[in-house]
Every structure is written in structure tokens, then in C-alpha cells.
Amino acid sequence: MRLTLRVKFLLLITAAVVSMSGVVLFVVGSLTGQELDRTIRSGVRTTGSVLVQLMHERTLALTSQCQTFTRQPIVKAYVGASDPVIANGAPVHVDPATIADSLREYLDEMHVAAVLLTDRDGRSLGQTDALRQAKRDFSREPGISAALQGVPWSGVQSRAGRLMLTVSVPIQIHGEVWGTFTAFSAMDSNVAATLKSALDSDVAFTFNKRVVASSCALPLTLSAPQRAPLAITVGRRRYFALYSPLPGTRADDGIGFVTLEPYDRTMAPYQRFQLALLGASVLALILAPIAGWSVARGVTRPLEGIVEAARTLQQGSWPEPFAATRSDEIGMLQSVFDDMTSTLRANQQQLLALIDTDPLTELDNHRRFQDRLSEEAGRASASGEPLSILLVDLDHFQQYNVRCGHTAGDQALQRTASILKNCLPEYAVIARYGGEEFAVLLPYHDLAQSDVLAERVRSAIESHGRTEDFRGITASIGCAEFGTHSAQAQGLVMAAELAVARAKQLGRNRVCRFDSVPGANETADPYHLHRFLKDGSLATIQALAAAVDAKDPYTQGHSRRVAEYAARLAEWTGRPQVEVELIHTTGTLHDVGKIGVPDSILQKPGRLDNEERAVMETHPVLGEVIVRKAPQLSLTLPGVRHHHERWDGNGYPDRLAGASIPEIARILAIADTYDAMTSDRPYRKGMPSDVAVAEIERCAGIQFDPDLAPAFVAMMRASGALRKAA
């Protein structure tokens, strides 16, 4: 039987339409599956990010609480006294049960599940009921082992079938570790519920595939894949489940979390799309024999557009919306695809908002502020329009938290955010920059205009501070202008931070512009400080120190010599090599704050008057502000800030005394003073080295550490390099 051309043509068109429909269904179905997988994985990454933030904040709080607890006299008595503890004038033998009762009083205060106190050998002195075990030797526990070495430790552990966020800190007496204190915070259903509230997805914590805590009712054992999402049924509900190791743990620890995305909610956009695509394909098959080539062309072209849009979506970009010119099934398919794309885009923006927004104040967070800073700096640089920055730092906020509680502290931060929104223009970029620090970018505002706005903000905060629920909150504010004070974004931030430091030195509750910081007109762009410190290598540190020494021609090489004297003293007294290297780095950086001291003071040929000396004595605090910008140099901060403290408490900037002065600062104080005494000055000749050594020996226990000063004297005399007076 011979088929007519019409029949062949119709069969050809039908076969073509059938083939095209099948291809489109397969491609879009595949892309939909990939997008579904990507969406669920994105949810897991977001859950992990929020969980990391929660764990980090909880770890910081626990560490602070534990360190506060370890400074209490009764704790030091428990771990440091070999004799009975003296209470009410009479000796009392303290047994583990008594210590456990004493420790239990801190459980509610610290919001933890259990605490543990050990001696210097890692043996338990007291532990709460939740951790009672037959063994008493905890020295092999990673947290206890680290704390016994003098290093605070934090991590997640499994304890008695529960996951615990664990913080261990050393208990030090006279600079030596005499014991440890450990707090255990449960990774329980409350944490899971917090994650669900933030992400609108259920979360379960597991240990070796066993559920230990969750935001919904789950079976005790839950197997979820790690490579790809899997649809599972729990009770009468279906979920897409995906397992991921808990941040900060190893895969073989078996500690992780499972993200559970509701099946119906996740599949809803795709099911509508699939049904619409199927309907369009069926309609095309029905119309193909009748409509011929024109219908085929009308079907294939829109489908090609949908495939292209799907490919654009697969590559991570958003396709342009389809023009709503058709009212047939193809138009419906385009509309459904647009709806699906809009839904996916809205979900992504919602997740990005969680990443870019500070949850407490609902302002931009630090990461988002850095992005906006780069954008605004680039715009201002290209257009020549002014751009200013304000840094708002709440005064004595830690004491406020201690006095009024963290809930009141959170309310104060929220109130401050509200004040900033009310006092500043709508186009101002406002962010929570740090714990109690806010940053504001003011496009189109020069320094004078931003100074006026800063004073308005300061006055508003001070006025609210007179109310009962704000209780004395004030703020120190630093101002700087892009282009005038720095041609780089990060240099602008450092300029504002130096201005804030100056405002605090002048008594707080005031506004300070960067050009009012001593030495601001003489120093280079603050961005160069940021670049030096971001590098953090020995060569750049030495170059920065040389730049400081170059400001005073009478102290050339001072930073290098102080670093060498301090490192030699550390070696002489038996410090480990890593500590010797840290002391050498700190000695090189100890006077970096002199970059902010005017040359007229540094190079004055005579003695400084009281006002000039007050400016000179700001350099340790300015040095701390500068070095704090380099996280890799954080261990040098105690030495930079406190190297001018005295053993008798008459030093500066904080008038610390005795053992409360960090040991690294006590070492630097001796090296710094020795080099100062033996260096020539315009108004005097340098002392002979034997006279300077004798002076240090005489001031042991007055100006210097009574143990380190004799050690320095012995070291210098043993070296045989002392120059005697003529």
C-alpha cells in the first residue's frame, strides 16, 4: 500500500513533533533535576554557614565566661592549694562532691549542660552529674590536653550520647597552668529549632547515623546520603534529605547534621512546570497533522527559547522573561517557566539576605559593608564626588553587658541601629561593623558635612542614654573622608578607626575627625599601614618599623635593637623558640603607634612638656589600633599596648601593676628602657652600658619585673659586651 505524500508529510510532521517533544521533556526534566539538586545543596551550605556563625558566637561567649570563672579566687584555691582551703578562718577539706556542688551553681548562669574542673595532671577535681564517669583522668582529652599546655580549646564532642560544644581553658596561677576548666554546651533541639526559625527548614544533628537532636519528631536512626539529596518518608511527611559533617569536625568522626527540605514545597514549582510542559507537548501532537509546517515552526521556536532559558539557568545566570505575546499552551509554558524562575530567584535573594544581614540589628553585616565600601569608593573615585565614613563605637559596652545583662545589651544595639536610621539620610550605607561598632558610608558628603551628622548621632545616643532603658550609653565616633585622608577603601577604614581611638583617648562620648589625630597630617596614607599589616611577613614588619624609626633621627635602629635584646632575654630565660620569635616580632612592632605622633614632638631637642608628653603617651594605644587590623599579628597586641607599664603600677596607658602586666610586655619594657638609656639624645649623651645595666638592677621590683630584671643583668654581664663609664 502506497502512502500519499500528504500522509507521509503528516507522518513526518507527527514524528518530528513527537521527537521534539521527547527531547524537550528530557532536557528540561534533566535541567530541573539538576536545579533541584543545586537548590537543596545551597540550602545545606546556608544551614552550615548559619550553624558556623551560631557555634562561633556561642564559643566566644563560653570562652569569655570560662576565663572569667577561672580568675575567681576560690577556683585558684581548688586547683592551686595543696593544703586545705581556708574558709571563715578555719581549714576546710574540699572533696570532689563539694567542688561539684560549687560548680553546679554556674550551670544556669553559663547556660551549659555540664562543667569539669581538673588539676594540672588532668585529673578530675569536680564534675557535674551530667558527666559523671568512672574515670577521673582526662589528660588525654584533646581539650584538656590543650588547656594543660596553656592554650584555650574549643570543638564538638560526643558525650553520653549527646553532642556537646566544648570549651576548655587553662587556670593559671603566676603565669603557670595549675588546672583546667571545661564547659559543655549541648547541641540540642533548641539549636536545631533556632536553625529552622532562620532557614524555614528542619535540621537534625546525628552521631554515627543516630539522631541526637532535631527540630521535628524523627526516628532514632536516620540514614541520609551525603553525595546527592534523597527523598525519604518520616511518619506521614516526605522530605528531601542530605547529610553533611558538622563544621569543625572530621568526616570519620561521624558527627554531622541532616537538612530536611519538605518534599511538596520543594517540588511545587517543578511539578507545575512539568505538567505545563506535558500539556504543551500533547497539544502539539494533536495539532501536528492538521497544522503542518506552520504549526511545527510555531511550536519548535518557542520550545527552543525555553531550552535556551533552561541552559542559561543551568549555567548560573537568570534568563530574560518571555514576552507574553501568546495565549496558547506554549505561552502558558513560558509563563510557568517565568514563574519558576522568579520563585527560584526570590528564594536565592532570601538566602543571600540571610548571609548579608546582621540578624540582631537587621543592618548590613561586616561582609556586605566591605562590598558596599568597594562599590562606593570606586564610584567616588570615578566621579570625583565626596564620600565620607563614620565609625560609631559604643563606650564601655562590655561593662554595660556585665552590669545590665546581654539581653539589655542586645536591646541597646537594636536601639542604636534605630537611632542611626533616624538620624542619617536614606541613602546612607549603615552596617554593624563589629560587636558594638557600627560603620556608616555617606555618599555625596564631605568631611565637614559628615562631622555635623556624626555630632547629631552622638547627641541622639547620649539623649537616649539618659532614659531608664538605655542606662548611660554613649558613643565615640570617628570621621574620615575618601580622597582627603586615603585614596584606598581600606585606608579610609583605618583612618576612621584611628579617629575613634583618638576620641576614646580624649575621654569618650565625642566626635573626632581623622585630621585631628596627632600626626595625621605628617603620616602617609593609612592604606599603606593596612597593606603592610595585611602582608605580615618579617620583611614588611621590619620595613614598617624602619619607617617609624625614620621619624626620629636620634633613635635610628631602635625597634631592631629592642627586638634583639628582648629575644635574647627570652632565650636566656628558657622560652620556647616559637615564643622567642613572637617576642622578636613584637619588639619590632612595639613603637608602630609613633606613626601617629607629630614629628615636632618626636624630634624635639629638649625635654617634653606635660601636654607633649600626654600626646607621646598615646602611641601604645594607637599602635594597638593599627596592629589589630592584622589578625595574624593578634598575639603581639599585649606587648604593643603595655610595654610602657611599670611593675609598681605607675606606667601607662592602663596603669597595670605586677603580674597583671602581660609577660611579653614586661620583657619588652626592660629591652626598651635599656636601649633608650644607652642611646644619645639631643639633650644628653647615652649612658655607658654598665651604668644602664646597674640602673635596671636597681629598679627591679619597682619599674621592672623582679625576676626578669636580674636575668637581663646576668645576660648582659655574661655577654662581656658592657661598656664602662670613663
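Preceding block: the structure.
All values derive from a computational prediction rather than experimental measurement. (Residues numbered from 1 in each chain as written. Predicted model: local features only at pLDDT ≥ 70, side-chain atom pairs only at ≥ 80, totals over all residues. Heavy atoms only, no water.)

Student: Break down the packing of helix 22 (residues 689-698) against helix 23 (residues 708-719) for me, with residues and values.
Tutor: Orientation of helix 22 relative to helix 23, taken along the N-to-C sense of each, is 160 degrees, at an axis distance of 8 Å. On the basis of their axis angle, the class for helix 22 and helix 23 is roughly antiparallel. Considering only the axes of helix 22 and helix 23, their crossing is left-handed. Every residue of helix 23 that contacts helix 22 at V693, I696 and E697 is listed here: A709, F712, V713, M716 and R717. Of the residues assigned to the contact of helix 22 with helix 23, the class counts are six nonpolar, no polar and two charged. (Axes fitted to C-alpha atoms, helices over the stretch in contact; angles between N-to-C directions. Helix = DSSP H or I, 4+ residues; strand = E, 2+ residues; numbered from the N terminus. Parallel < 35°, antiparallel > 145°, perpendicular 65-115°, else oblique. Left-handed = near helix turned anticlockwise from the far one by under 90°. Contact = heavy atoms within 4.5 Å. Nonpolar A, V, L, I, M, F, W, Y, C, P; charged D, E, K, R; others polar.)

Student: Go over the side chain of E645, please, and point to the residues and values.
Tutor: Note that E645 resides in the loop between helix 20 (637-642) and helix 21 (663-678). The side chain of E645 is buried and forms no salt bridge, while R641, the nearest opposite charge, is found at 6.2 Å. Here the side chain of E645 touches R655 through a polar contact of 3.1 Å, landing on its backbone nitrogen. Discounting chain neighbours no more than four positions away, the residues touching E645 are G651, Y652, P653, D654, R655, L656, I661, A669 and Q703. (Buried < 20%, exposed > 50% of the residue type's maximum accessible area, 1.4 Å probe, protein only. Lys, Arg positive; Asp, Glu negative; His and termini not counted. Salt bridge = Lys/Arg side-chain N within 4 Å of Asp/Glu carboxyl O. Polar contact = N/O pair within 3.5 Å; in protein donor to acceptor, adjacent residues only side chain to side chain.)

Student: Can you tell me about the packing of helix 21 against helix 23, naming the residues and giving the values?
Tutor: Between helix 21 and helix 23, the shortest axis-to-axis distance is 10 Å and the interhelical angle comes to 50 degrees. Considered as vectors, helix 21 and helix 23 are oriented oblique to each other. Here the hand of the crossing between helix 21 and helix 23 comes out right-handed. Packed against helix 21, whose contacting residues are R666, I667, I670 and Y674, the element helix 23 presents L708, A709, F712 and M716 at the interface. The residue inventory of the contact of helix 21 with helix 23, partitioned by class, reads seven nonpolar, no polar and one charged.

Student: Please give an account of the packing of aromatic side chains that cites residues and values.
Tutor: Here the structure, examined in full by the defined rule, presents six aromatic pairs. Seen from their ring centres, Y427 and Y444 are 5.8 Å apart, and the 75 degrees between their planes marks the pair as edge-to-face. With Y427 in the loop between helix 10 (406-423) and strand 14 (429-432) and Y444 in the loop between strand 15 (437-443) and helix 11 (447-464), this pair connects stretches of sequence that are 17 residues apart. Of the aromatic side chains, those joined through ring pairs into one cluster are Y565, Y674 and F712. Over the face of the ring belonging to W178 we find R120, whose NZ or CZ atom lies 3.8 Å from the ring centre. (Phe/Tyr/Trp six-rings, centres within 6.5 Å; stacked < 30°, edge-to-face > 60°. Lys NZ or Arg CZ within 6 Å of the ring centre and 35° of its normal.)

Student: Run through the pattern of salt bridges, naming residues and quoting values.
Tutor: The full count for this structure, using the stated rule, is 21 salt bridges. Between R575 and E663 there is a salt bridge, with its nearest N and O atoms 2.2 Å apart. Of this pair, R575 sits in the loop between helix 15 (558-572) and helix 16 (577-589) while E663 sits in helix 21, and the two are 88 residues apart along the sequence. The exposure class of R575 is buried, given its relative accessible area of 17%. For E663, a relative accessible area of 34% gives the class partly exposed. For E697, the salt bridge goes to R717, with nearest N and O atoms at 3.1 Å. Of this pair, E697 sits in helix 22 while R717 sits in helix 23, and the two are 20 residues apart along the sequence. The class of E697 is partly exposed, set by a relative accessible area of 40%. Residue R717 is classed as partly exposed on the basis of its relative accessible area, which comes to 45%. If you follow the salt bridges from partner to partner, you end up with R372, E375, E376, R379 and E385 in one network.

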